[in-house]
Amino acid sequence: MSKTLWKPGTMVYPVPAAMVTCGTMETPNIITVAWTGTICTNPAMTYISLRKERYSYDLIKNQGQFAINLSTKALVKAADYCGVKSGREVNKFEQTGLTPIPGLIAQVPIIAESPLSIECEVTEIKALGSHDMFFAKVLGVTIEESFMDRDGRFRLDRSELVAYSHGAYYELGKSLGTFGFSVQKKKKKKPSPQKRR
Ligand SMILES: Cc1cc2nc3c(=O)[nH]c(=O)nc-3n(C[C@H](O)[C@H](O)[C@H](O)COP(=O)(O)O)c2cc1C
């Protein structure tokens, strides 16, 4: 193996290409955000990092709320559009055909077509440099009921989620294992009926 050292950069991939909604039902906006993630399980906390020049920056700072809507294969073109066009110039809901609906707990619109929207309240804004980090408390997670199966499980795995890696979007592929599978004991194979003695 042979390694080359690059200058400091942001190469933690894959990340989400989430569509963050903000504003009001009358003047809703969407900004695509890759710098987002979970920062605490209990209390449930998340973050988004935004450049100050984003139109959404002031909307979220002033309103103190936003929602993170997960992107899927069907929504990836809209997600890209919301990441290259500014709400200063266009109404991104109208242009993408996405449907704004009121958040179920936060006072911000969410995207009807997204399987999952994380409704958040800003708790702190930390200036870091190019981006400011918005720490946020999760107020509630709104899920699309059509992804519930008959056993009452939420089948996010069937929603064709999208990941973003080094400038490109990817659909998630096949499952390689579930949490803890590396240490799970293999189940003994039941002998087939013919071989049972
Ligand atoms: C895949 C992708 C990820 C992005 N991630 C971020 C991000 O994490 N933070 C940010 O400030 N801008 C990010 N952007 C850029 C904004 O989405 C873009 O500048 C957008 O037009 C801003 O919209 P607004 O002016 O309506 O707020 C990203 C763009 C793309 C395409």
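Refer to the structure printed above.
Residues numbered from 1 in each chain as written. Predicted model: local features only at pLDDT ≥ 70, side-chain atom pairs only at ≥ 80, totals over all residues. Heavy atoms only, no water.

A. Focus on the packing of aromatic side chains. Summed over all chains, the structure comprises three aromatic pairs. Seen from their ring centres, tyrosine 57 and phenylalanine 134 are 5.2 Å apart, and the 80° between their planes marks the pair as edge-to-face. Remark: phenylalanine 134 occurs in strand 10 (residues 131-143) and tyrosine 57 occurs in helix 1 (residues 55-63); sequence separation between them is 77 residues. A relative accessible area of 4% means that tyrosine 57 is categorised as buried. (Phe/Tyr/Trp six-rings, centres within 6.5 Å; stacked < 30°, edge-to-face > 60°. Helix = DSSP H or I, 4+ residues; strand = E, 2+ residues; numbered from the N terminus. Buried < 20%, exposed > 50% of the residue type's maximum accessible area, 1.4 Å probe, protein only.)

B. Representation of the site of the ligand. Around the ligand sit 22 residues, and of these Thr32, Ser56, Lys85, Ser86 and Gly87 come closest. Within the contact set of the ligand, an oxygen atom lies 3.0 Å away from a side-chain nitrogen or oxygen of asparagine 29. Between the ligand and the protein, one listed contact pairs an oxygen atom with a backbone N or O atom of tryptophan 35 at 2.9 Å. In isolation the ligand exposes 650 Å². Once the protein is present, 89% of that is buried. For the ligand, the cavity whose grid points lie within 2 Å of the majority of its atoms is the largest pocket. (Near = heavy atom within 4 Å. Polar contact = N/O pair within 3.5 Å; in protein donor to acceptor, adjacent residues only side chain to side chain. Areas by Shrake-Rupley, 256 points an atom, 1.4 Å probe, with all protein chains shown as cover. 1 Å grid on protein atoms, 1.4 Å probe; cavity = no way out; pocket = protein on both sides within 12 Å on 5 of 7 lines; lining within 4 Å. Sits in = over half its atoms within 2 Å of the grid points.)

C. Quick peek at the layout of surface pockets. Computed from the structure, the largest pocket encloses a volume of approximately 740 Å³. Around the largest pocket, the lining comprises 32 residues; the ones closest to its centre are Thr32, Val33, Ala34, Arg54 and His131. Looking at the lining of the largest pocket, the elements that each hand over two or more residues are strand 3 (28-33), strand 5 (45-51), helix 1 and helix 2 (76-82). Residues belonging to the lining of the largest pocket are distributed by class as follows: 15 nonpolar, 11 polar and six charged. A volume near 300 Å³ is recorded for the second largest pocket. Along the walls of the second largest pocket sit 17 residues, with Val15, Pro16, Leu70, Leu161 and Val162 positioned nearest its centre. Top contributing element to the lining of the second largest pocket by residue count: strand 4 (residues 36-40), with three residues. Of the residues assigned to the lining of the second largest pocket, the class counts are 12 nonpolar, five polar and no charged. (Points joined across faces, edges and corners; volume = space filled by probe spheres on them. Nonpolar A, V, L, I, M, F, W, Y, C, P; charged D, E, K, R; others polar.)

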